[in-house]
Amino acid sequence: MNQKTSAAFVGASWLALGAGMFGYLIGLWRSSMLLNEKGFYFTVLMFGLFAVVSVQKSVRDRLEGFPVTDLYYGICWFSTILSITLLTIGLWNATLLPSEKGFYAFAFLLALFGGIAVQKNTRDNQEFRKSA
């Protein structure tokens, strides 16, 4: 049974992705960090977003019976966990205020959640259009 994802959930997903990503990026832009630190945090965000979209896709492919190798599936999960770990270690060792560390952590997690939800909604709505 394919149902079209509600416009409210699609909008909330894009809002979560946008708020997390842009909040994180604006925080980086306005920070007094060195350029190499900003580059690290930017790369971790992009890596994390790519990883969670890959996890969502591989999990969904497996549920729908598409072949996904155990190696790729494992790499997707490893990459997701690694991106969160890298951010955690980076923030733990950063010379930032605790409130700034919390801001980056929660903006990052919100962006990852939004990335998963947007990918899910996109795939659901494509399946709905194919079956309609």
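Residues numbered from 1 in each chain as written. Predicted model: local features only at pLDDT ≥ 70, side-chain atom pairs only at ≥ 80, totals over all residues. Heavy atoms only, no water.

Peer 1: It is not clear to me how the environment of phenylalanine 103 should be interpreted in this structure. Could you clarify?
Peer 2: Here phenylalanine 103 lies in helix 4 (residues 98-131). Residues phenylalanine 103 and serine 31, 72 residues apart in the sequence, show an inter-C-alpha distance of 12 Å. Discounting residues that sit within four places of it in the chain, phenylalanine 103 has contacts with Gly23, Tyr24 and Gly27. (Helix = DSSP H or I, 4+ residues; strand = E, 2+ residues; numbered from the N terminus. Contact = heavy atoms within 4.5 Å.)

Peer 1: Please clarify how the pattern of salt bridges should be interpreted in this entry.
Peer 2: In a structure, side chains of opposite charge can pair up when their charged atoms sit close to one another. With the rule as written, the count across this model stands at seven salt bridges. With a shortest N-O distance of 2.3 Å, aspartate 124 and lysine 120 are connected by a salt bridge. Of this pair, aspartate 124 and lysine 120 both sit in helix 4, four residues apart, which is roughly one turn of that helix. Residue class for lysine 120 comes out partly exposed when judged on its relative accessible area of 33%. Each of Lys57, Arg60, Asp61, Glu64, Lys120, Arg123 and Asp124 takes part in a single network of salt bridges with overlapping partners. (Salt bridge = Lys/Arg side-chain N within 4 Å of Asp/Glu carboxyl O. Buried < 20%, exposed > 50% of the residue type's maximum accessible area, 1.4 Å probe, protein only.)

Peer 1: I keep staring at the confidence of the model for the chain and nothing clicks. Help me out?
Peer 2: When pLDDT drops low, the exact placement of atoms in the prediction is not to be read closely. Averaged over the chain, the pLDDT score is 93; the fraction of residues at 70 or greater is 98%. No element of the chain has a lower mean pLDDT than helix 4, which averages 91, and none a higher one than helix 3 (residues 70-93), which averages 96. (pLDDT = per-residue confidence, 0-100.)

Peer 1: Help me understand the environment of leucine 96 in this model?
Peer 2: For leucine 96, the location among the structural elements is in the loop between helix 3 and helix 4. Along the primary structure leucine 96 and leucine 71 are separated by 25 residues, whereas in three dimensions their C-alpha atoms are 37 Å apart. Those residues in contact with leucine 96, other than ones at most four positions away along the chain, are Met33, Leu91, Lys101 and Tyr104.

Peer 1: What is the right way to look at the nonpolar core in this model?
Peer 2: Soluble globular proteins tend to bury their nonpolar side chains together. Counting residues in hydrophobic clusters, the biggest one holds 20 residues, and the most contacted among them are Tyr24, Tyr41, Leu45, Leu49, Leu87, Tyr104 and Phe108. Counting residues per element, the ones that place at least two in this core are helix 1 (7-30), helix 2 (35-63), helix 3 and helix 4. Here the element with the most residues in this core is helix 4; it accounts for six residues. When near neighbours in sequence (up to four residues on either side) are disregarded, tyrosine 24 contacts Ala19, Tyr41, Leu45, Leu87, Phe103, Tyr104, Ala107 and Phe108. (Core = buried A, V, L, I, M, F, W, Y, C linked by side-chain atoms within 4.5 Å.)

Peer 1: Any chance you could explain the packing of helix 3 against helix 4 here in plain terms?
Peer 2: When two helices pack together, their arrangement is given by the angle between their axes and by how far apart the axes lie. Contact pair helix 3 / helix 4: the axes reach a minimum separation of 10 Å and the direction vectors enclose 170°. Classed by the angle they form, the pair helix 3 and helix 4 counts as roughly antiparallel. Here Ser83, Ile84, Leu87, Leu91 and Trp92 of helix 3 lie close against helix 4, whose contacting residues are Lys101, Tyr104, Ala105, Phe108 and Leu112. The residue inventory of the contact of helix 3 with helix 4, partitioned by class, reads eight nonpolar, one polar and one charged. (Axes fitted to C-alpha atoms, helices over the stretch in contact; angles between N-to-C directions. Parallel < 35°, antiparallel > 145°, perpendicular 65-115°, else oblique. Nonpolar A, V, L, I, M, F, W, Y, C, P; charged D, E, K, R; others polar.)

Peer 1: Mind showing me how you'd approach the packing of aromatic side chains here?
Peer 2: Two measures describe an aromatic ring pair: the distance that separates the ring centres and the angle between the ring planes. All chains considered together, the criterion is met by five aromatic pairs. Pairing tyrosine 24 with tyrosine 104 gives two aromatic rings, centres 5.5 Å apart and planes at 85°, and the pair type is edge-to-face. One end of the pair, tyrosine 24, is in helix 1; the other, tyrosine 104, is in helix 4, and 80 residues separate them in sequence. Note on tyrosine 24: relative accessible area 0%, which makes it buried. Residue class for tyrosine 104 comes out buried when judged on its relative accessible area of 4%. Between the aromatic rings of phenylalanine 40 and tyrosine 41, the centroid separation amounts to 5.2 Å while the plane-to-plane angle is 75°, which identifies the pairing as edge-to-face. (Phe/Tyr/Trp six-rings, centres within 6.5 Å; stacked < 30°, edge-to-face > 60°.)

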